Number of protein chains: 2
Amino acid sequence: MTKSALQIARAAYQPKLPKALKGAVKVQEGEPTQSVADQEEIKKLFPNTYGMPLIKFVEGEEKEYAPMNVGVILSGGQAPGGHNVISGLFDGVKKLNPANKLYGFILGPGGLVDHKYMELTADIIDEYRNTGGFDIIGSGRTKLEKEDQFEKGYEILKELGIKALVIIGGDDSNTNACVLAEYYAAKNYGIQVIGCPKTIDGDLKNDMIETSFGFDTACKTYAEVIGNIQRDCNSARKYWHFIKLMGRSASHIALECALQVQPNVCIISEEVETKNMSLDDVVTYIAQVVADRAAAGNNFGTVLIPEGLIEFIPAMKRLIAELNDFLAANGEEFNNIKRSKQREYIISKLTPENAAIYASLPEGVARQLSLDRDPHGNVQVSLIETEKLLSEMVATKLAAWKEEGKYVGKFAAQHHFFGYEGRCAAPSNFDADYCYSLGYTASMLIANGKTGYMSSVRNTTAPAAEWIAGGVPITMMMNMERRHGEMKPVIQKALVKLDGAPFKAFAAQRETWAKETAYVYPGPIQYFGPTEVCDQPTKTLQLEQAK
Amino acid sequence: MTKSALQIARAAYQPKLPKALKGAVKVQEGEPTQSVADQEEIKKLFPNTYGMPLIKFVEGEEKEYAPMNVGVILSGGQAPGGHNVISGLFDGVKKLNPANKLYGFILGPGGLVDHKYMELTADIIDEYRNTGGFDIIGSGRTKLEKEDQFEKGYEILKELGIKALVIIGGDDSNTNACVLAEYYAAKNYGIQVIGCPKTIDGDLKNDMIETSFGFDTACKTYAEVIGNIQRDCNSARKYWHFIKLMGRSASHIALECALQVQPNVCIISEEVETKNMSLDDVVTYIAQVVADRAAAGNNFGTVLIPEGLIEFIPAMKRLIAELNDFLAANGEEFNNIKRSKQREYIISKLTPENAAIYASLPEGVARQLSLDRDPHGNVQVSLIETEKLLSEMVATKLAAWKEEGKYVGKFAAQHHFFGYEGRCAAPSNFDADYCYSLGYTASMLIANGKTGYMSSVRNTTAPAAEWIAGGVPITMMMNMERRHGEMKPVIQKALVKLDGAPFKAFAAQRETWAKETAYVYPGPIQYFGPTEVCDQPTKTLQLEQAK
């Protein structure tokens, strides 16, 4: 394997651990916990794993642990630092007893069900320390939800003498980890399940989980290239750059990038939804910023757009729902309509409110909404190029304003979408340390017989030595939500809070950023320089923890 | 101005200079020079600036220089390091005599003609040291070609007491710098003109100019994000990523990125042209790599595509030329054809060869070729999304092969285009040092009365102290080429040489890279770490200079 100079230099980095984890540890138990809502229902569904106490590790006496094998699974989309969770887990497991073995299940939860696995030896682990990606064992999106999957998993876990399984994933994967923990506990299979909070989207966090891993590195990578684009924008002074950022279900990434780079516009989906803004409201807001800047002679700027925006616009959600229902019922008739008549046909069939919105959409998007459908017949919202949709609609609005004499200027747009660029970046120092600590903590939870817990590392805006390692019962984060028509116990998703410190910091400055060219250029992630350059956590985390 | 932590730390960086420039310098003249071709014609066109000797600066005696003012212009597209050329120039000019002033012309060559300028003081310069972008004075694309422009420029230069003008630009801007130098010399205006080799495209280089500035940083920035995508690709194992890279007139960027990241496929336009490959040949080549990888169970990969590919495919060039001619003559008739009949109409009018190619194009691209035309009626090749064009055509071919039983696999594509992400990145150590040295060297050329020279810094694969600073007569790089129907003296553009060391290194390994997953992950540019991480020049430069 050819390695870059940075990969070679970075392989030698020894991630920092919380002080309490450096020697022998003991468990300090807190009070029993409750789920965030729907306590009675959650308690009934998780009789063996509900109400457990919060756990904190503190320095303890050296003691001997019986040999044990551990399994690990990477679940869902990649996030920087996954390899460090595994190397922290490996080091922890080996420290407990060098005879312990760590097994990785291949290509996600499917590997457990299909019995595809490999032993992760020191040689393999050393190849992946402080690297990005999930390629050490691969990841996958199979959902562990059904009893026959749990039983298939049990077969191989028993065969390999695995005492505990660590599932590294987002909110859904951790929900499933908890269901699995409960199942194995109820069956007395003697297999523990521990979760680790992963997602670049930043939507798995709460009072006990300060941030999900990968968010730090991904946002810094996006902020680097957005900063570069802004410097270009401010040099060439002739383009508006519409930049879409990954993250469908929450706008944390867009918000964090905005705090880092100070763009002219950043749309936050949660605000759009709360204020019941229409697509036209969003377009008008952007167009007004463009027009105001043009009036000051600045025909350039930057707009950050969260990937999931369309699904947060209440009127668009209604349109999509009606389209899905209508085309499910009338697909055959629709397919017989001539291509050039399809748009009129759809408009004639929708309710007046939805027909008006549909008619206002640029042709390409309208066509996509009615044609590009998934195997269940639903609109594929993720294929909508929201950055182009918005810039086209802004251009149309500006043209109208120009005719009315309300806008004088030139409008030319460039489009970008960043997602895959950041999900597998090599982890920042923060993520390298945080992930390693999460993995190491997981090994301690296992050694101490815990199940249904999520590995937790807190106080993360302090230096790593002062971080607090422990475990949080996953049931504590749960509530009941409707999923595919059924009420299910799930980990509550953390959306951007409009009364939270990060959004308020953004909202307090955005008018200034819109008018002035107040761009900040964060530059690339640094690993070796001064600590204020290399070790700062995200603005989101700093603002949230400053409270 | 809010600054990022990296900006603040980086502002303190003192770029390295060649040893000879650290103290007083003297000029060492070489032999008289000849242009690379068409010597008689170039000599006739440049009687005052032809045949001048190569110049090298060596350590000399301290001497006094008369006060002088200097002007500087940024011309054309942004490239990392422009601000360092200006700060090197500033430091050189001030060292010669602290009373000297440096003026910047605003928004490119247009600023000279329109008398828009500002004095660049120490306070301003200090804000921009080691930063990316051209925003200190802005850039522009006005071409300095006409005598009335030269005369308008002379007015303001005289008014400001400017003895010399430094033009920072690509091959065309440096050609124009030389024409201006010749004009002012012929008129005895007493104003010198010095060029500096700028372009991320890397196509301004020759025996005396080892590389243009910005190429290093831009390629490393692209390689960072491509590497991240490759890590994602190798983790998720389900997408083919088609990645287009900026650079219309040469494929140096794609080639350098390929050498850095080892993708599965990289198309080099110069090879496509030399081998007279058709679009179908290119598509077949990619599809074959996809099919072979699929046969080995790998339904994922990466394809690098130079932005200018379409214009290098001889058959496409012929099609576009015929389309341009046809639509220029028959635009009105075409506009009256119904949208749904336009494609058939075009096919019926083209020669059989071109009609067949046109018919083979995906609908979106075919439509764009006939509809999206610039104000001169020409196809806007730069709007063609080559990365999508190729992936669509590859998908079509694979579907056909599947029916024939020649391909078994899944093909899903993601698309990326990187350009603006790298043009204004903060300069790497190499570009920071190289640019600063180029600017400083320019001040020494001016102090020694030179005009029509390009600032030159050679031996750039050695440590900076050993670099050789001097000047190269711009006429030396010229030949006669047809431009807009007229023969013109221009700096010869450096395309990728198929017998050059970089291409040969790539060609020797690409079959392996196609089959195996041999990805390298360069990671982000580092400024503070070990020298092998922070100070390596590009692979292109290393391979070229190793000869």
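Remember, predicted model here, so these are calculated numbers, not experimental data. (Residues numbered from 1 in each chain as written. Chains lettered and ligands numbered in written order. Predicted model: local features only at pLDDT ≥ 70, side-chain atom pairs only at ≥ 80, totals over all residues. Heavy atoms only, no water.)

Student: Honestly, the sheet that holds strand E13 (residues 468-473) of chain B in this entry has me stumped. Any pointers?
Tutor: Backbone-to-backbone hydrogen bonds join strands into a sheet, with any given pair of strands oriented parallel or antiparallel. All names here are of chain B. A sheet is described by the order of its strands in space; here nine strands give the open sequence E1-E2-E13-E12-E7-E6-E3-E4-E5, paired in mixed fashion. The sheet is open, and its two edges are formed by strand E1 (25-32) and strand E5 (117-119), each paired on a single side. Taken over all neighbouring pairs, the strand axes of this sheet differ in orientation by 25 degrees on average, direction set aside. The pairing of strand E12 (residues 453-458) with E13 spans six bridges and is classified as antiparallel. Residue pairing across strands places Tyr453 opposite Pro473, the latter belonging to E13. (Pairing = 2+ DSSP bridges. Helix = DSSP H or I, 4+ residues; strand = E, 2+ residues; numbered from the N terminus. Axes fitted to C-alpha atoms, helices over the stretch in contact; angles between N-to-C directions.)

Student: Explanation requested: the sheet that holds strand E9 (residues 265-266) of chain A in the structure shown.
Tutor: Residue and element names in this part refer to chain A. Taking strand neighbours across the sheet as the criterion, the four strands line up as E9-E10-E8-E11 in an open arrangement whose pairing is parallel. Of all strands in the sheet, those with a lone pairing partner are E9 and strand E11 (413-418), marking the two edges. By the bridge criterion, six bridges tie strand E8 (residues 240-245) to E11 in an arrangement that is parallel. In the sheet register, Phe242 faces E11, and the bridge partner there is His415. Sheet strands in contact with helix H9 (residues 252-261) are E8, E9 and strand E10 (301-306), and its direction is about 155 degrees off that of E10. (Contact = heavy atoms within 4.5 Å.)

Student: Help me understand the relation of the copies chain A and chain B, please; the structure alone is not making it clear to me.
Tutor: The pair of chain copies shares a relation made of a rotation about an axis and a shift along it. Mapping chain A onto chain B is achieved by rotating through 180 degrees and translating by 0.0 Å along the same axis, at an RMSD of 0.1 Å. In short, the pair behaves as if placed about a two-fold rotation axis. With an isologous cut-off of 70% or more, the 100% of interface residues of chain A that recur at the interface of chain B puts this contact in the isologous class. (Least-squares fit on C-alpha atoms with pLDDT ≥ 70 in both.)

Student: Is there a simple way to think about the UniProt feature "domain: Phosphofructokinase" (unreviewed entry) in chain A in this case?
Tutor: Mapped onto the present numbering, the UniProt feature "domain: Phosphofructokinase" (unreviewed entry) falls on residues 69-314 of chain A. End-to-end, the C-alpha atoms of residues 69-314 of chain A are 49 Å apart, and along that stretch the chain is 47% helix and 17% strand. (UniProt positions renumbered as here; feature names shortened; annotations may be inferred.)

Student: Would you mind showing me how to read unusual backbone geometry here?
Tutor: Glycine aside, negative phi is the norm for most residues, and most peptide bonds take the trans geometry. Residues and elements named next belong to chain A. Phi is positive for Asn276, close to 55 degrees, though the residue is something other than glycine. The backbone of Asn459 sits at a positive phi, close to 65 degrees, despite the residue not being glycine. Structurally, Asn459 can be placed in the loop between strand E12 (453-458) and strand E13 (468-473).

Student: What is the right way to look at helix H19 (residues 429-447) of chain B in this model?
Tutor: In an α-helix there are 3.6 residues to a turn, and that puts residues three or four apart on one side. All names here are of chain B. Compared with the 27 Å implied by 1.5 Å per residue over 19 residues, the 27 Å span of H19 between its first and last C-alpha is a close match. Of all the 19 residues making up H19, 19 are buried; the element is thus mostly covered by neighbouring parts of the structure. Taken from the residues just after H19, Gly449 is the one with a positive phi, measuring 75 degrees. (Expected span 1.5 Å × (residues − 1). Buried < 20%, exposed > 50% of the residue type's maximum accessible area, 1.4 Å probe, protein only.)

Student: Sorry if this is basic, but what is going on with the pairing of E8 of chain A here?
Tutor: All names here are of chain A. Of all six residues that make up E8, six are buried, and the element is covered over most of its length. Burial along E8 is two-sided: Trp240, Phe242 and Lys244 and His241, Ile243 and Leu245, pointing in opposite directions, are all buried. Inspection of the sheet shows E8 paired to E10 by six bridges, in the parallel sense. Bridging from a neighbouring strand, Trp240 pairs with Gly301 of E10.

Student: I'm lost on the interface of chain A and chain B in this one. Help?
Tutor: Accessible area lost when the parts come together is the quantity often used to give the size of an interface. Listed by partner, the interface residues are 59 residues for chain A and 59 residues for chain B. For the pair chain A and chain B, the summed buried surface comes to about 4,400 Å²; carbon and sulfur atoms form 53% of the total. For the chain A face of the interface with chain B, the top three residues by lost area are Arg231, Tyr420 and Glu421 of chain A, together amounting to 16%. Salt-bridge contacts for Lys388 of chain B lead to Glu385 of chain A; the nearest nitrogen and oxygen are separated by 3.1 Å. Elements represented by at least two residues in the side of chain A that touches chain B include exactly helix H1 (5-11), helix H8 (215-236), E11 and helix H20 (531-534) of chain A. (Buried area = accessible area lost by both parts, 1.4 Å probe. Salt bridge = Lys/Arg side-chain N within 4 Å of Asp/Glu carboxyl O.)

Student: I tried to follow the pairing of strand E3 (residues 69-74) of chain B on my own but got confused; where do I start?
Tutor: Consecutive side chains along a regular strand alternate between the two faces of the sheet. All names here are of chain B. In terms of residue burial, E3 counts as a mostly covered element, since six of its six residues are buried. Side chains Asn69, Gly71 and Ile73 project from E3 onto one buried face, and the interleaved Val70, Val72 and Leu74 project onto a second face that is buried too. By the bridge criterion, four bridges tie E3 to strand E4 (residues 101-105) in an arrangement that is parallel. Counted as the bridge partner of Val70 is Leu102 from E4. With respect to chirality, the unit in which E3 leads through helix H3 (residues 82-96) into the neighbouring parallel E4 is right-handed. With six bridges connecting them, E3 and strand E6 (residues 162-169) associate as parallel partners. Bridge pairing in E6 places Ile73 opposite Ile167. (Right-handed = clockwise from strand over helix to strand, strands pointing away.)

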